[in-house]
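Chains, contacts and geometry: an overview
Residue-level listing of the chains:
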Amino acid sequence: MSKTLSWDECDYKIQPWIKTSIDVMGFDTMTPVQASTIPMFARNKDVVVESVTGSGKTVAFVVPILEKIISEEANTPNLKKGHFHSLIVTPTRELSNQVQTLIQSFLEHYPGNEYPIRSQLLVGTNQSSVRDDLENFLQNRPQILVGTPGRVLDFLQMPTVQTKSCSVLVLDEADRLLDLSFFGEIEKILKTLPKQRRTGLFSATIGSAGSQIFKTGLRNPVKITVNSKTKAPASLGLFYTVVEPETKILRLLSIMNNYKFKKCIVYFPTCISVTYFYSFMQYLQKEQKLLDEEVDFFSLHGKLQTGSRQKTLDSFGKLLAKAVLLTTDVAARGIDIPDVDLVIQLDPPSDTNMFLHRCGRAGRANKEGRAITFLNRGREEDYVPFLEVKNIELKEMSLKVTGLPSEKSFYEIFKSWVLQDRARYDLAVRSYVAFVKNYMKHSASSIFRLQSLDYIGLAKMYGLFRLPRMPEINTYFQNDTFKDGWLVDQPINMDKFAYMDKRREEKRLDLLKNSNKINEKRREKVETRQRNTPWSNKMQSKEDRSARKAKLAMKREEIERQIANESDSDGDVQEDWKETP
């Protein structure tokens, strides 16, 4: 064991109860980022910390906060009602929950009973309002607040909340909090806090925040960067495989069945695609028996309510059996789930900075892990050298499909499942459209271009039998092979394609009848108008057309005459010029 990474040799005397908590939680030695950050941040230094994902950044700011609460006597009556000592802001509810859980693990060993240290979570939920948060705050008098930007801002703007005692501010995943989507709220939060405070910015990709860092009120900060040849942890293997879009799901299933892993996270590009493929996976496992029955599947995305999301994360984390989580970037940053040793990205993230955050859910705390990224054959292969420029090296991996139907047979299984219920078709179309819209927002736009997207292969990946009508396809996909967008030889009668839900089907049939009636009425109106148009009007319109044609012909003759005259005059000039001696 290196002395510099021993907790006993830390360049700051840590409280005994904090060391007890560290021992109980199994943090045997300090990580480099903890050894560098804790002494600085605990001794009144502002810090900007950049370290690879899974390197222990959360402990690196929680320990100094607890130390400062003790040293500044915020755990005594000195901290008045309505005041707080420390504020930790994170970009997602899941990450806020995780930070809060870690703080609670430390506080379980705090010896002071008369004046306890407390922490309160501030995230938006349907179960509690800002007023509920305020009531809990005034009753429990916590020294630490942990939350997301929107709810924190609403809370700080309550009249009875006093911010002048705030001594520490931490922005976790600071680059995300300082981008356009959050900076407006962060700026307002900063204005409510005292300038004489300690500020810590933490992230694996803090460099992408750029000049926004200087707007956070840092006072003579220390930049702490844990050097590494690559930006990924040494224990994490980064791989890519080149595939045809229509084979992605088949290859994913092959990994699920044949690859040895404890827990796997699969990243999808949109929320709706998570919902869609989670339902399809259930069908493949329970009815088609194409997936290992021992694998438990979970789904998580940003459109779910906070309670459901947290319940899913807890269940997935605590499960001892083999498990797979289908999710979006909502579970990409900072989330620490035990035993995740495999990450699969069906598509690279639209924000390149999210790539390492996704991969970093595996291989945490020096544990072995693998991250595999699927790249569509063609232009997307340029993503590998693109990442090399950012010191992210991927190795190519060949994936063979074993123990599963052929590509053609699998598509027929997928299509048959979609045809069982029109609701599935609707979901497939919405997933496809959402993917294309997400694809066009990619930060590496020179690589991920709509012009080079395989629209047919993508449609088959989503189990579609007809290309959706959308402007992007009309603009970038020109092919006469597929008439009216049909990908199958026998087009489906969409009027008879029914919903499994009886109420929904009744509603569809009513709408279909009404639309047919409206179309018939429109047709009858046109025919009636044509029949009832007087003969004289028809003759008049014909005469008008003839007159317009004659007028145009006269104009054309006049223009031609002018051109002829101009050319004659040019000829005269040329002749005179030639005759000049």
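Computed from a predicted structure; not experimentally measured.

1. A short note on the overall build of the protein
For the protein, the helix and strand inventory stands at 19 helices and 14 strands. By the burial criterion, 49% of the 581 residues in the protein qualify as buried. Put simply, of all contacts in the protein between residues at least 6 apart along the chain, 78% involve residues at least 24 apart.

2. Concerning the sheet that holds strand β13 (residues 369–376)
Strand order in the open sheet formed by seven strands is β10-β11-β9-β12-β13-β8-β14, and the pairing between neighbours is parallel. With one partner strand each, in any of the chains shown, β10 (296–300) and β14 (395–396) form the two edges of the open sheet. Contacting β10 and β11 (323–327), helix α10 (residues 271–286) runs over the sheet at an angle of about 165° to β10.

3. A word on unusual backbone geometry
The general pattern is negative phi for most residues beyond glycine and trans for most peptide bonds. At glutamate 173, a position not held by glycine, the phi torsion is positive, near 55°. Structurally, glutamate 173 can be placed in the loop between β5 (168–172) and α7 (174–177). Even without being a glycine, asparagine 220 presents a positive backbone phi close to 50°. Considering the arrangement of structural elements, one finds asparagine 220 in the loop between β6 (198–203) and β7 (222–225).

4. Section: the packing of helix α9 (residues 248–258) against α10
When two helices pack together, their arrangement is given by the angle between the helix axes and the distance between those axes. Between α9 and α10, the shortest axis-to-axis distance is 13 Å and the interhelical angle comes to 55°. One finds that α9 runs oblique with respect to α10. In the packing of α9 onto α10, the handedness of the crossing is right-handed. Every residue of α10 that contacts α9 at Ile249, Leu252 and Leu253 is listed here: Phe277, Phe280, Met281 and Leu284.

5. Quick notes on helix α14 (residues 407–419)
Between its terminal C-alpha atoms α14 stretches 18 Å, which fits the 18 Å expected from 13 residues at 1.5 Å a residue. Along α14, the residues that are buried comprise Phe410, Tyr411, Ile413, Phe414, Lys415, Trp417 and Val418. On its buried side, α14 packs onto α9, α10, α15 (422–439) and α16 (455–461).

6. Concerning the sheet that holds β6
Read across the open sheet, the seven strands follow the order β3-β4-β2-β5-β6-β1-β7; overall the sheet is parallel. One side of each edge strand has no neighbouring strand; the edge strands of this open sheet are β3 (119–122) and β7. If you compare each strand with its neighbour and ignore which way they point, the axes differ by 15° on average. Pairing of strand β1 (residues 47–50) with β6, which is carried by four bridges, proceeds in the parallel orientation. In the sheet register, valine 47 faces β6, and the bridge partner there is glycine 200.

7. Quick word on the packing of α10 against α14
At a minimum axis separation of 11 Å, α10 and α14 run at an interaxial angle of 110°. Here α10 is positioned roughly perpendicular relative to α14, judged by the angle of their axes. Contacts between α10 and α14 involve Tyr276, Phe277, Ser279, Phe280, Tyr283 and Leu284 from the first element and Phe410, Ile413, Phe414, Trp417 and Val418 from the second. Considered class by class, the residues forming the contact of α10 with α14 number 10 nonpolar, one polar and no charged.

8. Some points on the side chain of glutamate 50
Here glutamate 50 lies in strand β1. No salt bridge is formed by the buried glutamate 50. Its closest oppositely charged neighbour is lysine 223, at 4.2 Å. Leaving out residues up to four positions away in the same chain, glutamate 50 has contacts with Ser203, Ala204, Thr205, Ile206, Gly207, Lys223, Ile224, Thr225 and Val226.

9. Notes on the packing of aromatic side chains
In the structure shown here, the tally under the stated rule is 31 aromatic pairs. Judged by centre distance (6.4 Å) and plane angle (20°), the rings of tyrosine 276 and tyrosine 462 are stacked. Placement of the pair is tyrosine 276 in helix α10 and tyrosine 462 in the loop between α16 and α17 (471–476), with a sequence separation of 186 residues. The buried category is assigned to tyrosine 276, whose relative accessible area is 0%. For tyrosine 462, a relative accessible area of 1% corresponds to the buried category. Where tyrosine 383 meets phenylalanine 448, the ring centres are 5.3 Å apart and the plane angle is 75°; that geometry is what we call edge-to-face.

10. Concerning the pattern of salt bridges
Applying the stated criterion across every chain, the model contains 18 salt bridges. The partner of aspartate 11 in a salt bridge is arginine 43, with the nearest N and O atoms 3.9 Å apart. One end of the pair, aspartate 11, is in the segment before α1 (16–24); the other, arginine 43, is in the loop between α2 (32–42) and β1, with 32 residues separating them in the sequence. Residue aspartate 11 is classed as exposed on the basis of its relative accessible area of 54%. With a closest N to O distance of 3.3 Å, lysine 68 and glutamate 72 form a salt bridge.

11. Regarding the environment of lysine 415
Tracing the backbone shows lysine 415 in helix α14. Residues lysine 415 and leucine 464, 49 residues apart in the sequence, show an inter-C-alpha distance of 6.7 Å. With residues up to four places along the chain from it excluded, the contact list for lysine 415 reads Gly463, Phe465 and Val488. Within polar-contact distance, the side chain of lysine 415 engages the side chain of glutamate 412 at 3.3 Å.

12. As for helix α11 (residues 306–318)
The end-to-end C-alpha distance of α11 is 18 Å, a good match for the 18 Å that 13 residues give at a rise of 1.5 Å each. Within α11, the full set of buried residues consists of Thr306, Arg309, Gln310, Thr312, Leu313, Phe316 and Gly317. The buried residues of α11 all sit within an arc of 160° when viewed along its axis, so they share a single face. Counted as exposed and oriented over 90 degrees from the buried face of α11: Lys311 and Lys318. Looking at the buried side of α11, the elements it contacts are α4 (93–107), β9 (263–267), β10, β11 and β12 (340–345).

Rules behind the numbers
Residues numbered from 1 in each chain as written. Predicted model: local features only at pLDDT ≥ 70, side-chain atom pairs only at ≥ 80, totals over all residues. Heavy atoms only, no water. Helix = DSSP H or I, 4+ residues; strand = E, 2+ residues; numbered from the N terminus. Buried < 20%, exposed > 50% of the residue type's maximum accessible area, 1.4 Å probe, protein only. Contact = heavy atoms within 4.5 Å. Pairing = 2+ DSSP bridges. Axes fitted to C-alpha atoms, helices over the stretch in contact; angles between N-to-C directions. Parallel < 35°, antiparallel > 145°, perpendicular 65-115°, else oblique. Left-handed = near helix turned anticlockwise from the far one by under 90°. Expected span 1.5 Å × (residues − 1). Nonpolar A, V, L, I, M, F, W, Y, C, P; charged D, E, K, R; others polar. Lys, Arg positive; Asp, Glu negative; His and termini not counted. Salt bridge = Lys/Arg side-chain N within 4 Å of Asp/Glu carboxyl O. Phe/Tyr/Trp six-rings, centres within 6.5 Å; stacked < 30°, edge-to-face > 60°. Polar contact = N/O pair within 3.5 Å; in protein donor to acceptor, adjacent residues only side chain to side chain. Arc of directions from axis to C-beta.

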